[in-house]
Structure formats: structure tokens, C-alpha cells
Amino acid sequence: MKRMVILNGSPRGSKGATGVVVNDMQSFIPEETSVDVLELMGDGISESLDSEQQQKLYEADILMFAFPLYVDIFPANLLYCAREMEDNKDKFVKGGDIKVYAFVNCGLHEGYQAALAIDILKNWTVRMGFSFGMAVGFGGSGALPQARKLPAGGGLKSNMPQLFEKLMDAVEHGKTDQENIYGSISISREEYRQSSEAGWRILAERNGLTPEDLDKRW
């Protein structure tokens, strides 16, 4: 049985959109694959994981990165963790047999905005001596926390199952150098923009502000 570690690279851990992705993803993991979810919320592996969790990381056959897009690349906490893993790459038991996959979610509506971050992860994989399988870039993730209770495939998430299935097919069959795929939530860019603006108005009202205050220069 292959051991897969899902690395949640969001600084918000399970509370953010990446937490929704990780939760939904697990329904699509191949039966012959064991899985552990590790949250990389600290500035490095040693600050994020205890000794037992670190052992699970270093014994993995498959690394599945899940993280949000922060200004086109990794969040800082994940960058620190990647650097520490590079400094300790000799600790990875499976060495060059390890395969890396990813699901990158971004607040922008277009999933392809994650392409640069995926390229950076692929370059890191090469530096580690691992094999890069493929990645998914998913747009509109700002709406995912509101859809947390919906199953993958329901409502705003109706486009997610096909992405998970393609990603997990690559995992199950150990495929590498596959073409990355991109998708987004199942509403238009304009609908997504309008819902985002409505959310800001609600927050403003909760904090004693009016819609007009949002247009002021402070």
C-alpha cells in the first residue's frame, strides 16, 4: 500500500478554502493508498509538525500539496517548509521514488492563475530529486468556505469531481509529467465578483459602516 501525505500549506489550516479542498479530496483517494493530512501552518517543518508527524512525512511515497495562491506563489509558511524539506531531503526514506502532486486554489476566478506557482513547485520537485506528477489549478476558491457543507459536486462545487478524478487517476497509476489541468467554481466571473462585493457590504454593516464608507479614501 502506498503512503500519501496531504500537505495543507494554508496559514489558516483547515479553516480556509484549502481545508475545504483537502476534506473533499479525500473521498477520491484510491483505496490502495493510505493517507495522512499534515498542516504546515508554522515557519518550517519543525515548527509545524511534531516528531510523529515528521516521520509520516519522511516515510511518504506520495506528497500531495494543497495550498492557496498568495501573490502568484506559495504562502510564506509553505515556502519556509519547502526550504526546510530541501535542507533535510536525505531524511526522505523513498528518495527519488517519491512522486509529487498538487491542488492549488486561488481567489481569482481563473484557475490558470495558479500556473506560475505550479511551475515553482515543479522546479522544487526537481531540486529534491523527486518526480512531478501533475497539478490542478482551481479558481474562485474565495467562495468555498461558504460551500463547506456541500458535497464535492454540489452547488458551487459541481466542477470539482472531474478535477479530483483526473488527479487521483494519476496518483493511482503513478503517472508523472502529466499535463496540468485548470478549473473554477461553477458560476461566472461576474457572478463571483458580485457575490464578493456583497460579502464586503455585509462585513461593513457588521462593523457599523455603510456602503458609502467603502468608497471613501481614509
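All of these numbers come straight from a predicted model, not from anything done at the bench.

**Q** For unusual backbone geometry, give the residues involved together with the corresponding values.
**A** The residue Val 71 is not glycine, and still its phi comes out positive at about 50°. With relative accessibility at 78%, the residue Val 71 sits in the exposed group. Unusually for a residue other than glycine, Asp 177 sits at a positive phi of about 55°.

**Q** Hey, could you go over the packing of helix 1 (residues 17–25) against helix 6 (residues 160–172) for me, with residue numbers and the actual values?
**A** For the pair helix 1 and helix 6, the least separation of the axes is 11 Å and the interaxial angle reads 65°. For the crossing formed where helix 1 meets helix 6, the hand is right-handed. Facing helix 1, whose interface residues are Val 21, Asp 24 and Met 25, helix 6 presents Met 160, Phe 164, Leu 167 and Met 168. For the contact of helix 1 with helix 6, the per-class residue count stands at six nonpolar, no polar and one charged.

**Q** Account for the nonpolar core, naming residues and giving values.
**A** If you look at the biggest cluster of nonpolar residues, it comprises 33 residues, and the most contacted ones within it are Leu 7, Leu 57, Leu 63, Phe 65, Met 85, Phe 92 and Leu 121. The set of elements that each furnish at least two residues to this core consists of strand 1 (2–8), helix 3 (51–58), strand 3 (62–68), helix 4 (76–87), strand 4 (99–106), helix 5 (115–128) and strand 5 (131–139). Excluding residues within four positions of it along the chain, Phe 65 makes contact with Leu 7, Leu 78, Met 85, Val 100, Tyr 101, Ala 102, Phe 103, Leu 121 and Trp 124. Of all hydrophobic cores here, the second largest spans 28 residues; its members include Met 25, Val 136, Ala 143 and Tyr 192.

**Q** How would you sum up helix 5? Please name residues and give values.
**A** Along its 14 residues, helix 5 runs 20 Å from first to last C-alpha, staying within 8% of the 20 Å computed at 1.5 Å per residue. When we look at burial in helix 5, the residues that qualify are Ala 117, Ile 118, Leu 121, Trp 124, Thr 125 and Met 128. The buried residues of helix 5 occupy an angular sector of 115° when projected down its axis, which confines them to one face. Exposed residues on helix 5 whose side chains face more than 90 degrees from its buried face are Asn 123, Val 126 and Arg 127. For helix 5, the secondary structure elements touched by its buried residues are strand 3, helix 4, strand 4, strand 5 and strand 6 (181–184). Following helix 5 by one or two positions, Gly 129 adopts a phi angle in the positive range, close to 80°.

**Q** Outline the pairing of strand 6, supporting the account with residue identities and numerical values.
**A** Looking along a regular strand, one sees side chains alternate from face to face of the sheet. As paired elements, strand 5 and strand 6 share four bridges and run parallel to each other. Its bridge partner being in strand 6, Phe 138 is matched across the sheet by Gly 183. For the crossover from strand 5 across helix 6 to strand 6, the handedness is left-handed.

The rules behind these values
Residues numbered from 1 in each chain as written. Predicted model: local features only at pLDDT ≥ 70, side-chain atom pairs only at ≥ 80, totals over all residues. Heavy atoms only, no water. Buried < 20%, exposed > 50% of the residue type's maximum accessible area, 1.4 Å probe, protein only. Axes fitted to C-alpha atoms, helices over the stretch in contact; angles between N-to-C directions. Helix = DSSP H or I, 4+ residues; strand = E, 2+ residues; numbered from the N terminus. Left-handed = near helix turned anticlockwise from the far one by under 90°. Contact = heavy atoms within 4.5 Å. Nonpolar A, V, L, I, M, F, W, Y, C, P; charged D, E, K, R; others polar. Core = buried A, V, L, I, M, F, W, Y, C linked by side-chain atoms within 4.5 Å. Expected span 1.5 Å × (residues − 1). Arc of directions from axis to C-beta. Pairing = 2+ DSSP bridges. Right-handed = clockwise from strand over helix to strand, strands pointing away.

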